[in-house]
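Each chain, letter by letter, is given below.
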Amino acid sequence: MVEPDVSQALRTGPFAVALDVAVEASGLTLERLAVLLGERGVGLSRATLSYWRSGRSRPERAGSLAALPGCRPASP
């Protein structure tokens with residue numbers, strides 16, 4: 001089996017696939033990822049990360065987008 005390329009997944013998406021590939025490559029659990037983000041001032045639950053990873057929802061709020069370097073909320 002070929003391991004997905006994280007850089008390519010981040011460039012091409014979709015978001016849920018890119019997040020899944022990045023999480024798998026990191027070796028972190030969603031619980032640990034939520035804790036690490038919280039330590040950096042980004043409060044996200046494991047459930048939120050799970051919803052994003054499965055494609056059930058996507059980050060839209062400014063606070064959620066803070067977890068994603070290089071992303072900014074859309075201008076009104």
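Residues numbered from 1 in each chain as written. Predicted model: local features only at pLDDT ≥ 70, side-chain atom pairs only at ≥ 80, totals over all residues. Heavy atoms only, no water.

Counting its secondary structure elements, the protein contains 5 helices and 0 strands. For the protein, the N- to C-terminal ordering of α and β elements is α-α-α-α-α. Within the protein, buried positions represent 26% of all 76 residues. Restricting to contacts in the protein with at least 6 residues of sequence separation, those with at least 24 account for 31%. Carbon and sulfur atoms provide 53% of the accessible area of the protein, an area that totals close to 5,500 Å². (Helix = DSSP H or I, 4+ residues; strand = E, 2+ residues; numbered from the N terminus. Buried < 20%, exposed > 50% of the residue type's maximum accessible area, 1.4 Å probe, protein only. Contact = heavy atoms within 4.5 Å. Areas by Shrake-Rupley, 256 points an atom, 1.4 Å probe, with all protein chains shown as cover.)

The next point concerns the pattern of salt bridges. A full pass over the atoms with the stated rule returns 2 salt bridges. A salt bridge links Arg 53 to Asp 20; its shortest N-O distance comes to 2.7 Å. A residue pair is termed long-range when its members are at least 10 positions apart, and Arg 53 in helix H4 (residues 46–54) and Asp 20 in helix H2 (residues 15–26) qualify at 33 residues. The shortest N-O distance in the salt bridge between Glu 24 and Arg 53 comes to 2.6 Å. Taken as a pair, Glu 24 in helix H2 and Arg 53 in helix H4 lie far apart in primary sequence, 29 residues in all. The exposed category is assigned to Glu 24, whose relative accessible area is 55%. The structure contains a network of salt bridges with shared partners spanning Asp 20, Glu 24 and Arg 53. (Salt bridge = Lys/Arg side-chain N within 4 Å of Asp/Glu carboxyl O.)

A few words now on the nonpolar core. Counting 14 residues, the largest nonpolar core has Leu 33, Leu 37, Leu 44, Leu 49 and Trp 52 as its most contacted members. Counting only elements with at least two residues in this core, the list comes to H2, helix H3 (30–39) and H4. By residue number, the principal contributor to this core is H3, which donates 4 residues. The contacts of Leu 49, once residues within four sequence positions are left out, are Leu 19, Leu 30, Leu 33, Ala 34, Leu 37 and Leu 44. (Core = buried A, V, L, I, M, F, W, Y, C linked by side-chain atoms within 4.5 Å.)

Attention now moves to the environment of Thr 48. Within the fold, Thr 48 resides in helix H4. Expressed as a C-alpha distance, the spacing of Thr 48 and Pro 59, which sit 11 residues apart in the sequence, is 8.8 Å.

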